[in-house]
Amino acid sequence: MKLEKDISVQAFDYIHLALSKYHNHQVYACMRFNGHIQEKWLEQALNLTVWDLPQLVCHFQKGRYVKRETRLRAEVIHVQSAEKRMKSVMAESLDIEKSAQVRVVVIRETRKDTIVVVMSHLLCDGMAMKQYLYLLCGYYNDLAAGRNIVPVFPDKPRDLIWLERCALPTQKMRRIRPKRERLLFCGGEIPLFAQCKIKKDEYRLIRQYLNRHGITMNDLIMGVYYKTLWNVFHYPLRTLCTVIDLRRYMEDPNQIGLCNQTGNAYTTICHAERMPFEKLLAEIHDQMHQEKEQGYCLKQIRLVKAVFSKFLPNTSRKLIRIGISNPQVALTNLGIIDPKRVTFYGLKTIECFLSPSLKRAPNFQLAVSTYQEEMMLQVNLKVSKMEKEAIERFLEEFRCVLLAGISK
């Protein structure tokens, strides 16, 4: 595939470049199958996705995407056990200045495969990563079936032009000032991808609880987050940041291509650790509703758009780097993965989850990904050996607090 010119850089690309000092600026998708994938079709499908996101085959050098006349290749690694190898692949950082912006690795056991897709965070957030996974599966299945292939996202913009048509309330309600949090993690050199799964029967009980109480999944997870930080670390969290998908504010979310479109919403609650659980959830629900309705999560993005529009790229990049900060305690819900759209021809997808960047201490993020009514809780963090044990204990306690909370 020949790219005729350098591919444009957008404001969000610079945001995540600036945030790379807090994490390894990449996102992941992992899939396990009951058999072996066809490597030829996978590699062809991988290269077809360049139609939709031409930045994939570029290097990111001196603040811009530089064209490369090369094909993307799927790596195949033969192992006895995929679990350990999967996490070692996730721990390896993409060299975005010297290589493509995506890496696809097939981890092959005797009878089944695991696929790890590693994507530069400059290009995609969690929602876009999910869309990319659907795209890759769709092209693979079209190739297997001999169907005509039509690009899904060709020429769709990745910018913030939609903000100009975004109407929000002019009368702003009073907002509690967020507190800058700081968990006392020193960090280390161990790349930890800690996970804990909520099983299908437990997930169904959670859905019933949400319906009875009129709250969202994020409300519930945030309430448990407040309680668990106190139980495990004795940390009295006051302000919790939650990543919000800004596509909710678009007239038509399908109008944009694969890109980052996220903002931050905050709940600020005093003495959450002492508060009865249902009262805490009600307070979180009210604050989150106000954050979304008032569009507070758009404020920083509007400023970034203004900077990006008025200054040359190099100046924009420097100003964004100075102005952008990273919330140190955060939640990201990567959403529900549609099982009908993550199938490869002839194979059953046993497990599928999305995973966020590997954070550096003292930044701490809990991530949630849901597939076939099973919820994966994750913390990705570079830690010391002692902190590794504490994080694993945190996830186990989180699960216990969650299940105890919905049983009342």
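Just above, that's the structure.
Every value quoted in this text rests on a predicted model; they were computed, and no experiment measured them.

A. How the structure looks around the overall build of the chain. Helices and strands together make up the secondary structure of the chain, namely 10 helices and 14 strands. Whereas a compact globule of 408 residues would reach a radius of gyration of roughly 22 Å, the chain reaches 21 Å, a difference of no more than 12%. By its C-alpha atoms, the chain is 60 × 55 × 40 Å across when sized along the principal axes. Looking at the chain as a whole, 56% of its 408 residues are labelled buried. Within the chain, counting contacts between residues at least 6 apart in sequence, those at least 24 apart form 79% of the total. Working note: accessible area of the chain is about 18,900 Å², and carbon and sulfur atoms make up 51% of it. On the chain, the mean spot of the 62 positive side-chain charges and the mean spot of the 42 negative ones are 3 Å from each other.

B. Representation of the pattern of salt bridges. Per the stated rule, a full pass over the model turns up 20 salt bridges. The partner of Lys382 in a salt bridge is Glu189, and the shortest N-O contact between them spans 3.5 Å. In this pair, Lys382 sits in strand 14 (residues 374-383) while Glu189 sits in the loop between helix 4 (126-145) and strand 7 (190-198), placing the two residues 193 residues apart along the sequence. For Lys382, a relative accessible area of 24% puts it in the partly exposed group. One salt bridge in this structure joins Glu374 and Lys197, with 3.5 Å as the shortest N-O distance. Of this pair, Glu374 sits in strand 14 while Lys197 sits in strand 7; the two residues are 177 residues apart in sequence, bridging distant segments of the chain. Residue Glu374 is classed as partly exposed on the basis of its relative accessible area, which comes to 24%. Linked by salt bridges that have partners in common, Arg32, Glu83, Lys87, Lys197, Glu351 and Glu374 make up one network.

C. Quick peek at the nonpolar core. One finds Leu220 and Phe344 to be the most contacted residues of the largest nonpolar core, which totals 142 residues. For this core, the element with the highest residue contribution is helix 4, accounting for 10 residues. Setting aside anything within four residues of it in sequence, one finds Leu220 in contact with Ile206, Tyr209, Leu210, Ile215, Phe277, Leu281, Leu402 and Ile406.

D. Quick look at helix 2 (residues 39-48). Looking only at helix 2, the buried set comprises Leu42, Glu43, Ala45, Leu46, Asn47 and Leu48. As for helix 2, its buried residues are in contact with strand 4 (74-78), strand 5 (102-108), strand 6 (113-120) and helix 4.

Calculation notes
Residues numbered from 1 in each chain as written. Predicted model: local features only at pLDDT ≥ 70, side-chain atom pairs only at ≥ 80, totals over all residues. Heavy atoms only, no water. Helix = DSSP H or I, 4+ residues; strand = E, 2+ residues; numbered from the N terminus. Rg over C-alpha atoms; globule rule 2.2 N^0.38 Å. Buried < 20%, exposed > 50% of the residue type's maximum accessible area, 1.4 Å probe, protein only. Contact = heavy atoms within 4.5 Å. Areas by Shrake-Rupley, 256 points an atom, 1.4 Å probe, with all protein chains shown as cover. Lys, Arg positive; Asp, Glu negative; His and termini not counted. Charge placed at Lys NZ, Arg CZ, Asp CG, Glu CD. Salt bridge = Lys/Arg side-chain N within 4 Å of Asp/Glu carboxyl O. Core = buried A, V, L, I, M, F, W, Y, C linked by side-chain atoms within 4.5 Å.

Purely spatial values, then, with no claim about function.
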